[in-house]
Amino acid sequence: MSFPNVFGTPEVPDDMQLPPGMDKETFQKLADRQQREAQEMAFRTVAESCPGRTVASGVIGFGAGAAIGVFMSSVEWNINDDFLRLSTREQMRQTLRDMGSRTYSSAKSFAVIGAVFASSECVIESFRAKHDIYNNIMSGCFAGAAMSARAGPRAMVAGCAGFAAFSGAIEMWMNSMDS
């Protein structure tokens, strides 16, 4: 994967002494390549770190949650007689307001789930020093329990079991796709 050279490699000055047998154009290409490799390495370092994975999962979760929220709010119709008596403009305003709030709520929930799952997976993986299906199952349990903590202990157990089972099933499916 190659990333654009954001800052650019400075041009080789005309008075610079180049290595023997190397022209200015070849030297410039080599310098550009080294700059790209350094940027890719920096990106990988951030992307593979626990904070980087947590932030990325939260951002991706927010986007996915927003998309799902838009779809779900557009499918769910809450029409009653009071709504039908409103003007078309007021109906549109109320519908868009409702869609916006539901979309934002869904996006926040998915962002939190993604961030909690990714951070717990990273911590568990670092602690166990292994990458296997059990990391995902334990992370799913933690994320499910954390998301349902407000509803009480029974809900936490159910959330733990549900998320753990889902995480395990997804990991098994992903592993079967690799082989």
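Residues numbered from 1 in each chain as written. Predicted model: local features only at pLDDT ≥ 70, side-chain atom pairs only at ≥ 80, totals over all residues. Heavy atoms only, no water.

Going by an unreviewed UniProt entry, the chain carries the name Mitochondrial import inner membrane translocase subunit TIM22 and comes from Polyrhizophydium stewartii. What UniProt records for the chain under Subcellular location (unreviewed entry) is the sentence "Mitochondrion inner membrane". The Subunit (unreviewed entry) comment attached to the chain in UniProt states, word for word, "Component of the TIM22 complex." (UniProt positions renumbered as here; feature names shortened; annotations may be inferred.)

1. What to know about the overall build of the chain
A count of helices and strands for the chain gives six helices and zero strands. Radius of gyration (C-alpha) of the chain: 25 Å, far over the 16 Å computed for a compact globule of 179 residues. Taking the principal axes of the C-alpha coordinates as reference, the chain spans close to 85 × 50 × 30 Å. Partitioning the contacts of the chain with sequence separation of at least 6, the portion at a separation of at least 24 is 57%. Counting only carbon and sulfur atoms, one obtains 65% of the accessible surface of the chain, whose full area is about 12800 Å². Between the mean site of the 16 positive side-chain charges and the mean site of the 19 negative ones, the chain shows a separation of 10 Å. (Helix = DSSP H or I, 4+ residues; strand = E, 2+ residues; numbered from the N terminus. Rg over C-alpha atoms; globule rule 2.2 N^0.38 Å. Contact = heavy atoms within 4.5 Å. Areas by Shrake-Rupley, 256 points an atom, 1.4 Å probe, with all protein chains shown as cover. Lys, Arg positive; Asp, Glu negative; His and termini not counted. Charge placed at Lys NZ, Arg CZ, Asp CG, Glu CD.)

2. Some remarks on the environment of Met-156
Tracing the backbone shows Met-156 in helix H6 (residues 153-178). Setting aside anything within four residues of it in sequence, one finds Met-156 in contact with Ala-145, Ser-148 and Ala-149.

3. A closer look at the side chain of Gln-91
Positionally, Gln-91 belongs in helix H4 (residues 88-128). At 3.4 Å, the side chain of Gln-91 and the backbone oxygen of Leu-86 are in polar contact. Leaving out residues up to four positions away in the same chain, Gln-91 has contacts with Phe-83, Leu-84 and Leu-86. (Polar contact = N/O pair within 3.5 Å; in protein donor to acceptor, adjacent residues only side chain to side chain.)

4. Brief notes about a nonpolar patch on the surface
Side chains of Ile-68, Phe-71, Met-72, Val-75 and Phe-110 sit close together on the surface and give an oily, nonpolar patch of about 460 Å² of accessible area. The element best represented in the nonpolar patch is helix H2 (residues 50-75), accounting for four residues. (Patch = residues over 30% accessible without salt bridge, like charges linked within 9 Å, V, L, I, M, F, W, Y side chains within 5 Å. Salt bridge = Lys/Arg side-chain N within 4 Å of Asp/Glu carboxyl O.)

5. Points about the confidence of the model for the chain
Counting all residues, the mean pLDDT for the chain is 86, and 92% of those residues have values of 70 or more. Averaged over each element, pLDDT in the chain is lowest for helix H3 (residues 81-85) (82) and highest for helix H5 (residues 133-147) (94). (pLDDT = per-residue confidence, 0-100.)

6. Side note on unusual backbone geometry
In the Ramachandran plot, Ala-129 falls in the positive-phi region, its phi being about 60° despite a non-glycine side chain. Tracing the chain through its elements places Ala-129 in the loop between H4 and H5. Under the relative-accessibility criterion, Ala-129 is labelled exposed at 67%. (Buried < 20%, exposed > 50% of the residue type's maximum accessible area, 1.4 Å probe, protein only.)

7. Thoughts on H5
Relative to the 21 Å expected for 15 residues at 1.5 Å per residue, H5 spans 21 Å between its end C-alpha atoms, a close match to the ideal helical length. Among the residues making up H5, those that are buried are Ile-133, Asn-135, Asn-136, Ser-139, Gly-140, Ala-143, Gly-144 and Ala-145. Tucked into the core, H5 has its buried residues touching H4 and H6. (Expected span 1.5 Å × (residues − 1).)

8. Points about the packing of helix H1 (residues 24-48) against H2
Direction vectors running N to C along H1 and H2 enclose 80°, while the axes themselves pass 4 Å from each other. In terms of their interaxial angle, H1 and H2 are classed as roughly perpendicular. Here H1 contributes Val-46, Ala-47 and Glu-48 to the contact with H2, which in turn contributes Cys-50, Gly-52 and Arg-53. In terms of residue class, the contact of H1 with H2 is made up of three nonpolar, one polar and two charged. (Axes fitted to C-alpha atoms, helices over the stretch in contact; angles between N-to-C directions. Parallel < 35°, antiparallel > 145°, perpendicular 65-115°, else oblique. Nonpolar A, V, L, I, M, F, W, Y, C, P; charged D, E, K, R; others polar.)

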